[in-house]
Amino acid sequence: MELDKDFWNTRYAENQTGWDVGAPTTPLKEFIDTLTDKNIRILIPGCGKAYEAEYLHRLGFANVFVIDLAPLALEEFSKRVPSFPKAHLIVGNFFEHEGQYDLILEQTFFCALDPKLRSDYAKKMHELLAPNGRLAG
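Numbering of residues starts from 1 in each chain and follows the order in which that chain's sequence is written. Owing to the predicted nature of the model, reporting of local features is limited to residues with pLDDT of at least 70; listing and counting of side-chain atom pairs is limited to 80 or more, with chain, interface and lining totals taken over all residues. Only hydrogens and water are removed before side-chain values are computed, so all heavy atoms of the structure are retained for them.

Overview of the environment of Cys 47
Then, number 1: Secondary structure counts use DSSP, requiring at least four H or I residues in a row for a helix and at least two E residues in a row for a strand, with both numbered from the N terminus. With respect to the element layout, Cys 47 can be found in the loop between β1 (42-45) and α3 (51-58).
Then, number 2: Excluding residues that lie within four positions of it along the chain, Cys 47 makes contacts with Val 66, Ile 67, Asp 68 and Leu 74. By definition in these notes, contact holds between two residues if any of their heavy atoms fall within 4.5 Å.

In structure tokens:
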């Protein structure tokens, strides 16, 4: 797996997305169902088609942000959920992203990274989490 926009965009264009289950995964859906503060800032890195973001949005969570290298994945999400704030759709590199989040949801991003990047991943997660923030996946 590569940290390369064209590589990932091609995967979506050719429908080579075996990890995509077409809905929020049960463990994350059950976790989301326990959240009560709908104003927390949430980031979903490597979000792909962002089913968890859709679920959160439909539940009324106002500060959900998604980031992915593949513009095509975010375009598909935006078409599926046109009411999702366009300013919360970030086409970009997670490792260059800046911000502070109360919660970061991890679905399949970590496993898509080259193992050499996993230490950087841990550092970046720590940097992006607000004090008392949580990483859940």
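Alright, that's what it looks like, and here's the rest.
Examining α3
Then, number 1: In this scheme, a residue with accessible area under 20% of its type's maximum is buried, one over 50% is exposed, and one in between is partly exposed, where area comes from a 1.4 Å probe on protein chains only. Of all 8 residues that make up α3, 7 are buried, and the element is covered over most of its length.
Then, number 2: Those residues of α3 that sit buried are Tyr 51, Glu 52, Ala 53, Glu 54, Tyr 55, Leu 56 and His 57.
Then, number 3: Where α3 is buried, its residues meet α2 (26-32), β1, β2 (64-68), α4 (71-80) and β4 (101-105).
Then, number 4: Downstream of α3 by a residue or two, Gly 60 has a phi angle that is positive, lying close to 100°.

Focus: the pattern of salt bridges
Where charged atoms of side chains with opposite charge meet at close range, the side chains can pair.
Then, number 1: Counted as salt bridges are all cases of a side-chain nitrogen of Lys or Arg within 4 Å of a carboxyl oxygen of Asp or Glu. For the structure shown, the criterion picks out 6 salt bridges.
Then, number 2: One salt bridge connects Lys 49 with Glu 76, and the closest N-O pair in it is separated by 3.2 Å. Of the two residues, Lys 49 is situated in the loop between β1 and α3 and Glu 76 in helix α4; the sequence distance between them amounts to 27 residues.
Then, number 3: Residue classification places Glu 76 among the partly exposed positions, given a relative accessible area of 28%.
Then, number 4: Salt bridges sharing common partners tie together Glu 54, Arg 58 and Arg 80.

A closer look at the pairing of β1
Then, number 1: Burial along β1 is two-sided: the face carrying Ile 42 and Ile 44 and the face carrying Leu 43 and Pro 45 are both buried.
Then, number 2: Pairing between β1 and β2: 4 bridges, direction parallel. Looking across to β2, one finds that Leu 43 is bridged to Phe 65.
Then, number 3: The path from the first strand over the helix to the second decides the hand: if it runs clockwise while the strands point away from the viewer, the crossover is right-handed. Handedness of the β-α-β unit built from β1, α3 and β2 comes out right-handed.
Then, number 4: Pairing geometry for β1 and β4, over 2 bridges, is parallel. Note that in β4 the partner of Leu 43 across the bridge is Ile 104. Any two strands are treated as partners once DSSP identifies two or more bridges connecting them.

Quick look at the packing of aromatic side chains
Then, number 1: Only centres within 6.5 Å qualify two rings of Phe, Tyr or Trp (six-membered ring in Trp) as a pair; their planes then separate them into stacked at under 30 degrees, edge-to-face at over 60, and tilted for everything else. This model, assessed by the stated rule, comprises 6 aromatic pairs.
Then, number 2: Ring geometry for Phe 94 and Phe 109: centres 5.0 Å apart, planes at 70°, overall edge-to-face. Taken together, the residues span a long stretch of sequence, with Phe 94 in the loop between β3 (89-91) and β4 and Phe 109 in helix α5 (residues 109-112) at a distance of 15 residues. One exposure class covers both Phe 94 and Phe 109, and it is buried.
Then, number 3: When the ring of Phe 94 is compared with that of Tyr 121, the centres are 6.1 Å apart and the planes differ by 35°; the resulting orientation is tilted. Taken together, the residues span a long stretch of sequence, with Phe 94 in the loop between β3 and β4 and Tyr 121 in helix α6 (residues 118-128) at a distance of 27 residues. Here Phe 94 matches Tyr 121 in class, with each residue buried.
Then, number 4: What links up through ring pairs into an aromatic cluster is the set Phe 94, Phe 95, Phe 109 and Tyr 121.

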